[in-house]
Amino acid sequence: MQQLLAIRGTGLGGAIGRVGSAAIDCLRALADVRTWAPLIVAQMRRLGVDSVPIAIFIAVFTGIVLALLSSYTFTGAVPLYFVGSLVGKTIMMELGPVLTGMALAGRVGANIAAELGTMRVTEQVDALETLAYDTNAFLIVPRVLAGGIMFPIVTAFAVAVGVVSGWITAVNLLDLSTPEFFKGLRLFYQFKDVWFGLVKAGTFGLAVTLMGCLQGLRARGGAQGVGRAATRAVVLGCESILVLDAFWAIVLL
Amino acid sequence: MILFEGVSKAFGSNQVLDGFSLEIPHGQTTVILGYSGSGKSVALKHIVGLLTPDEGRVVVDGSVVHELKRDELAELRRSIGYVFQFAALFDSMTVEENIRLGLARRDLSPAEIEERIVESLRLVELDDAGRLLPAELSGGMRKRVGIARAIALRPRYILYDEPTTGLDPVTAALIDHLMIRVRQESGATGVVVTHDMRSAYSVADRIAMLYDGAIRQAGSVEEIRATRDPVVRQFIEGRPNLPSATVSAPGPGVGP
């Protein structure tokens, strides 16, 4: 929160105002399709496809730990097939989107802030403006849209991998069969579990990429300034994820 | 014509420009001289609206730059080529792509764009460098690509920010020659900020010296060479020391 306040140095109102103003500028820049449309596929690949390995890595171990933890908690108290319920529900609704979001806040947020920060301190952003480009349309919109589109897709991969990982763990390390695991998985399943997680992931993607862009474009003072921008982008990205996570839980559950 | 009228600009407590006024006539090359950190680049950035004055105004072709709407400012920028101090090439793009990026904002056919890329690279004598990345270029080549990117737009004005800084004397002379050639061939009005006197004498039609946030003296090359203003004399002669009493008291016959 301290970092959030430092965005403008005039308190939370100023920080929210700056982020809100940037979001409005981005919405206006959406009209400049000719500028951002050719750039979006490359950003989707960079921010999304290239992030799949780290998301899968996290999901594999999350699935393992969740299966073991739930077994440890349920043994002797609750039928063991509830392991499937807990693994599925938790990964789909919470850990899949949030852990993937956090990992991508580090990878994507820092990447964007460092790239745009370097462009800022080497006057490449000024050069773009003198060439009559709208920097919102050229730099921010394709990244933010790519984040909003790709975070749910990467999260969907992570959720699938996490559930499969939990199932393999349950079958191999716990006294649980495949039918029992899937019985538990189906027991409390609702379609809402899936879209709730994916909607959250979409907003995480928008927030993380917007923070990365804003911090990068605010970078000053050479390499040190770029480093600071990358750090702020990651911190603010993670904080945004937690705030949005609570927001969606209050609004949608 | 570009007109600075009483422009003041501060960054925090650092007053960079303080009542800066200067008229840049059409079709000539005006050199703005000044010490490092004196605000030359800051003045230049006001012309394209990268900075907004705290006081005063910058007028380009009758339009007050900081009052322009977004679309109008973009239109103004289409008439101005800007050569940055460190070239500011987009480092993920090849030389050709760097030049193409600016041309893509003009209503040009693909054939015209390719023609202009070839033509501008030929003018800066980098015909074969189109496929190279900026990281593969020397400092002088990067500056020449920066110039090529600006002239490919066929602008009415070209702004050069420290075009010869950090270059060896031969490459610096090549850049000077290039600036003269660009003016002769395109007729564009040039504004050059530099502290390189050799370069200033080579390319300038008029020279203005920026000192303490304002124009200390402006005139033709001959007038500047013959100046009796101690501050200007010290600068153009590159003398390291000047008694403080003489700095604050301009000699007779000087002024913007």
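Preceding this section is the structure that the text describes.
Described below are features of the structure shown in this document. Being a predicted model, the structure only gives us computed values, none of them experimental.

## Some points on the overall build of chain B
- The number of helices and strands found in chain B is 10 helices and 10 strands.
- Against the compact-globule benchmark of 18 Å for 256 residues, chain B has a radius of gyration of 18 Å, which places it among compact chains.
- Based on the C-alpha atoms only, the size of chain B along its principal axes is roughly 60 × 45 × 35 Å.
- Of all 256 residues assigned to chain B, the portion counted as buried reaches 56%.
- Contacts in chain B between residues at least 24 apart in sequence constitute 65% of all its contacts with a sequence separation of at least 6.
- Just so you have it, chain B exposes about 11,100 Å², and 49% of that area is on carbon and sulfur atoms.
- Put simply, chain B has 29 plus and 34 minus side-chain charges, and the middle of one group is 1 Å from the middle of the other.

## Some thoughts on a nonpolar patch on the surface
- A cluster of nonpolar side chains, Y189, F191, W195 and V199 of chain A, forms an exposed patch at the surface whose accessible area comes to about 390 Å².
- Mapped onto the elements, W195 of chain A comes out in helix α9 (residues 191-217).

## Digging into the packing of helix α4 (residues 52-74) of chain A against helix α7 (residues 135-173) of chain A
All names here are of chain A.
- The N-to-C vectors of α4 and α7 enclose an angle of 35°; their axes lie 7 Å apart at closest approach. Here α4 runs over α7; the crossing is right-handed. Counting all contacts with α4, which are made through V52, A55, I56, A59, V60, G63, I64, A67 and L68, the residues of α7 involved are V154, A158, V161, G162, S165, G166, T169, A170 and L173.
- Residues belonging to the contact of α4 with α7 are distributed by class as follows: 13 nonpolar, five polar and no charged.

## Thoughts on the interface of chain A and chain B
- Each partner contributes residues to the interface: chain A has 20 residues there, and chain B has 23 residues.
- Here chain A and chain B share an interface that buries about 1,800 Å² over both sides, 53% of which is from carbon and sulfur atoms.
- For the chain A face of the interface with chain B, the top three residues by lost area are E123, T130 and L131 of chain A, together amounting to 33%.
- Scanning the region where chain A abuts chain B turns up four salt bridges.
- At the surface where chain A touches chain B, the tally comes to five residue pairs in polar contact (both at pLDDT 80 or more).
- Elements supplying a minimum of two residues to the side of chain A that touches chain B: α2 (12-29), α3 (33-47), α6 (124-130) and α7 of chain A.
- For the side of chain A that touches chain B, the leading source of residues is α6 of chain A, giving six residues.
- Counted by class, the side of chain A that touches chain B contains seven nonpolar, five polar and eight charged residues.

## Overview of the pairing of strand β6 (residues 80-83) of chain B
All names here are of chain B.
- With burial as the criterion, each face of β6 is covered, one bearing I80 and Y82 and the other bearing G81 and V83.
- Pairing of β6 with strand β7 (residues 157-161) involves four bridges; the strand directions are parallel. Counterpart to G81 in the pairing with β7 is I158.

## Notes on the packing of aromatic side chains
- By the definition in use, this model includes 11 aromatic pairs over all chains.
- Judged by centre distance (5.0 Å) and plane angle (70°), the ring pair of F247 of chain A and W248 of chain A falls under edge-to-face.
- Look at F247 of chain A and you get partly exposed, because its relative accessible area is 41%.
- Ring centres of Y35 of chain B and F235 of chain B lie 4.9 Å apart, and the angle between their planes is 80°; this geometry places the pair in the edge-to-face category. Here Y35 of chain B, found in the loop between β3 (29-34) and α1 (40-47), pairs with F235 of chain B, found in helix α9 (residues 230-237); they are 200 residues apart in sequence, far enough to count as distant.
- A relative accessible area of 9% places F235 of chain B in the buried class.

## Description of the nonpolar core
- Counting residues in each nonpolar core, the largest one holds 127 residues, and the members touching the most others are I2, F4, F20, L22, I47 and I147 of chain B.
- Broken down by element, the residue count for this core peaks at 10 residues, all from α7 of chain A.
- Ignoring anything within four residues of it in the chain, the contact list for F20 of chain B reads F4, E5, G6, V7, I32, A43, L210, G213, A214 and I215 of chain B.
- Counting 15 residues, the second-largest nonpolar core is a separate cluster that includes L66, A67, F74 and A170 of chain A.

## Digging into the side chain of S8 of chain B
- Structurally, S8 of chain B is set in strand β1 (residues 2-11).
- Among all residues touching S8 of chain B, those that are not within four sequence positions of it are Q15, L17, D18, G19, P53, D54 and E55 of chain B.

## Quick look at the side chain of T62 of chain A
Residue and element names in this part refer to chain A.
- Note on placement: T62 falls in helix α4.
- Judged by its relative accessible area of 13%, T62 is buried.
- In terms of polar contacts, T62 uses its side chain to reach the backbone carbonyl oxygen of I58, at 2.7 Å.
- Apart from the residues lying within four places of it in its own chain, the contact partners of T62 are L95 and L99.

## Brief notes about the sheet that holds β1 of chain B
Residue and element names in this part refer to chain B.
- One open sheet accounts for four strands, arranged β2-β1-β4-β5; its pairing is antiparallel. Single-partner strands in this sheet number two, and they are β2 (14-24) and β5 (63-64).
- Against the sheet, α1 engages β1, β2 and β4 (55-60), with an angle of about 120° to β1.

Criteria and cut-off values
The written sequence of each chain sets the order in which its residues are numbered from 1. For this description, chains carry letters from A and ligands carry numbers from 1, given in the order in which they are written. Whole-chain, interface and lining totals are the exception, using all residues; otherwise, since this is a predicted model, local features are given only for residues with pLDDT of at least 70 and side-chain atom pairs are given and counted only at 80 or more. Each side-chain value is derived from all of the structure's non-hydrogen atoms; neither hydrogens nor water enter the calculation. Numbering of helices and strands starts at the N terminus; helices are DSSP runs of H or I of at least 4 residues and strands are runs of E of at least 2. Atoms counted for the radius of gyration: C-alpha only. Globule rule: 2.2 Å times residue count to the power 0.38. Burial classification: accessible surface area is computed with a 1.4 Å probe over protein chains only, and a residue below 20% of its type maximum counts as buried, one above 50% as exposed, and the rest as partly exposed. Note on contacts: a residue pair qualifies if any of its non-hydrogen atoms lie within 4.5 Å across the two residues. Accessible surface area values rest on a Shrake-Rupley calculation with a 1.4 Å probe, where residue burial reflects the displayed protein chains alone. The positive count covers Lys and Arg only, the negative count covers Asp and Glu only, and His and the chain ends enter neither. Where a charge lies is defined by one atom per residue type, namely NZ (Lys), CZ (Arg), CG (Asp) and CD (Glu). Residues enter a patch when their relative accessible area is above 30% and they make no salt bridge; the linking distance is 9 Å between like charges and 5 Å between nonpolar side chains (Val, Leu, Ile, Met, Phe, Trp, Tyr). Put simply, a salt bridge is a Lys or Arg side-chain nitrogen that is within 4 Å of an Asp or Glu carboxyl oxygen. Axes here mean lines fitted to C-alpha atoms, for a helix over just the part in contact, with angles spanning 0 to 180 degrees between N-to-C directions. Here is the rule for handedness: rotate from the far helix to the near one, and if that takes an anticlockwise turn smaller than a right angle the crossing is left-handed, while a clockwise turn gives right-handed. Side-chain classes are defined by residue name, with Ala, Val, Leu, Ile, Met, Phe, Trp, Tyr, Cys and Pro counting as nonpolar, Asp, Glu, Lys and Arg as charged, and the others, Gly among them, as polar. When two components associate, each loses some accessible surface as probed by a 1.4 Å sphere; the sum of these losses over both components is called the buried area. N or O atoms within 3.5 Å of each other form a polar contact, as long as, within protein, one can give a hydrogen and the other can take it, and as long as residues adjacent in sequence are counted only when both atoms are side-chain atoms. Should DSSP find at least two bridges between two strands, the strands are regarded as paired. Aromatic rings from Phe, Tyr and Trp, with only the six-membered ring used for Trp, were paired whenever their centres fell within 6.5 Å, and each pair was classed as stacked if the ring planes differed by under 30 degrees, edge-to-face if by over 60, and tilted otherwise. Definition of nonpolar core: a set of buried residues of the types Ala, Val, Leu, Ile, Met, Phe, Trp, Tyr and Cys, connected through side-chain atoms within 4.5 Å.

Remember, this is a structural readout, not a statement about activity or role.
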